[in-house]
Amino acid sequence: SFRSRSSADARGGHPGRAIGPFYRDEPHPERSLFWLTFNTSKRSITLNLETPDGQDLLRRLVASAHFLVESFPVGYLDSLGLSYRQLSAVNPALIMVSVTPFGQTGPYSRWQTSELVGQAMGGVAFICGDGERPPVQIGGLQAYFHGGLQAAAACLIASHHRQETGEGQYIDLSLQHAMAGGLGIGGPHQNWDLNHVVYHRAGIPFDQGPVFGVGPRHPVVVECADGYVAVSPHRCPLEPLLDWMASDGEGHLKARKWSADALDFLNREDRDLLDPAIAAFVRRKPKAEVYAQAIKRRLPWSPLQSCADLLSDPHLAARGYFI
């Protein structure tokens, strides 16, 4: 990470080092958990690009570097004589990635951004939240995460090309592109392109109706005695669920004739009857019991794990995930 600041200021390090929480609650540039999460195993140097010595040092580093990743405003490195064209003359095999809000070209290229702007301009915020309320931002730095993820993937593709040809490449990565590309997973692009249907916010309940034309509204997150569980309707067989509920005093539901044999294909009348019954049934039980019984009965349900749950998760412990 190359910072354009005076050498005195640069010794303080990247601003991310000042973001808490800190290890053992002791603020220090080397104890920011935020910084350590994204920069573990990296080495840092001070480098003032606006001095001849700093520019020469960067060229010396580039001479043996495989990748150079930068996120300066569009045109900044060019103004210093450190464009990709000039740096690739030093190292023709260099792969250089520029991560910017809107890319190197186009009418928005010199605009600034924030996490909220990235999510909004990329189309993600529009589909997040309850349908009856305004859009909301997803938690975390999703625009920056997606940008970094796609930059890493682009580096791997360029690296493969370099192995085949010996040539480096320049990658122009836009955060807006990254977020808009991520929408393809949920189908908003395809639904507009094929059906001219705008994909709207569904909130916690999942509603297939406006998009696919079928299916009632049904909850996927339900409160239990000590937290929440995800009650997925997809490919959820009805018979083992009703058997389970019958064993706990809900036998009248099993005697009813239902419109389908799986939760996600029930008609609206049946769902309006069964959804409150499931919610009341689950609310009486701890999530560990719900999870164990769901697995036993092959129901695709799971607990919503807190950080405390993750730290004590037996599977993660068995795999030695936390170091």
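Residues numbered from 1 in each chain as written. Predicted model: local features only at pLDDT ≥ 70, side-chain atom pairs only at ≥ 80, totals over all residues. Heavy atoms only, no water.

## Some words on the pattern of salt bridges
1) Next: For the structure shown, the criterion picks out 10 salt bridges.
2) Next: Here D243 makes a salt bridge to K254, at a shortest N to O gap of 2.6 Å. Of this pair, D243 sits in helix α11 (residues 238–246) while K254 sits in helix α12 (residues 251–254), and the two are 11 residues apart along the sequence.
3) Next: A residue is classified by how much of its surface remains accessible, and D243, at 30% relative accessible area, is partly exposed.
4) Next: Taking the shortest distance from any N to any O, the salt bridge between R256 and E269 comes out at 3.9 Å. One end of the pair, R256, is in the loop between α12 and α13 (268–283); the other, E269, is in helix α13, with 13 residues separating them in the sequence.
5) Next: When salt bridges that share partners are traced, they join D248, R284, K285 and E289 into one network. (Salt bridge = Lys/Arg side-chain N within 4 Å of Asp/Glu carboxyl O. Helix = DSSP H or I, 4+ residues; strand = E, 2+ residues; numbered from the N terminus. Buried < 20%, exposed > 50% of the residue type's maximum accessible area, 1.4 Å probe, protein only.)

## Topic: the packing of helix α7 (residues 142–165) against helix α8 (residues 175–182)
1) Next: For the pair α7 and α8, interaxial distance at closest approach is 8 Å and the crossing angle is 95 degrees. As the angle between them shows, α7 and α8 are arranged roughly perpendicular. Contacts between α7 and α8 involve Q142, A143, Y144, H146, G147 and Q150 from the first element and L175, A178 and M179 from the second. (Axes fitted to C-alpha atoms, helices over the stretch in contact; angles between N-to-C directions. Parallel < 35°, antiparallel > 145°, perpendicular 65-115°, else oblique. Contact = heavy atoms within 4.5 Å.)

## Examining the sheet that holds strand β3 (residues 170–174)
1) Next: Taking strand neighbours across the sheet as the criterion, the three strands line up as β1-β2-β3 in an open arrangement whose pairing is parallel. On the outer flanks of this sheet lie β1 (67–70) and β3, each paired with one strand and no other. The sheet shows a mean angle of 15 degrees between the axes of neighbouring strands, direction not considered.
2) Next: Pairing between strand β2 (residues 95–100) and β3: five bridges, direction parallel. Note on β3: the bridge partner recorded for T100 is S174.
3) Next: Each of β2 and β3 is contacted by α8, which is oriented at about 70 degrees to β3, the strand it contacts most. (Pairing = 2+ DSSP bridges.)

## Here we look at the nonpolar core
1) Next: Among the nonpolar cores identified, the biggest contains 25 residues, and L238, L241, L263, L274, I278, V282 and W301 are the most heavily contacted of them.
2) Next: When contributions to this core are tallied by element, the ones reaching two or more residues are β6 (221–224), β7 (227–231), α11, α13 and α14 (287–296).
3) Next: It is α13 that contributes the most residues to this core, six residues altogether.
4) Next: For V282, the residues in contact, after removing those within four places along its chain, are V222, E223, C224, A225, V229, V290 and W301.
5) Next: L68, L77, L82 and L94 belong to the second largest nonpolar core, which has 13 residues in total. (Core = buried A, V, L, I, M, F, W, Y, C linked by side-chain atoms within 4.5 Å.)

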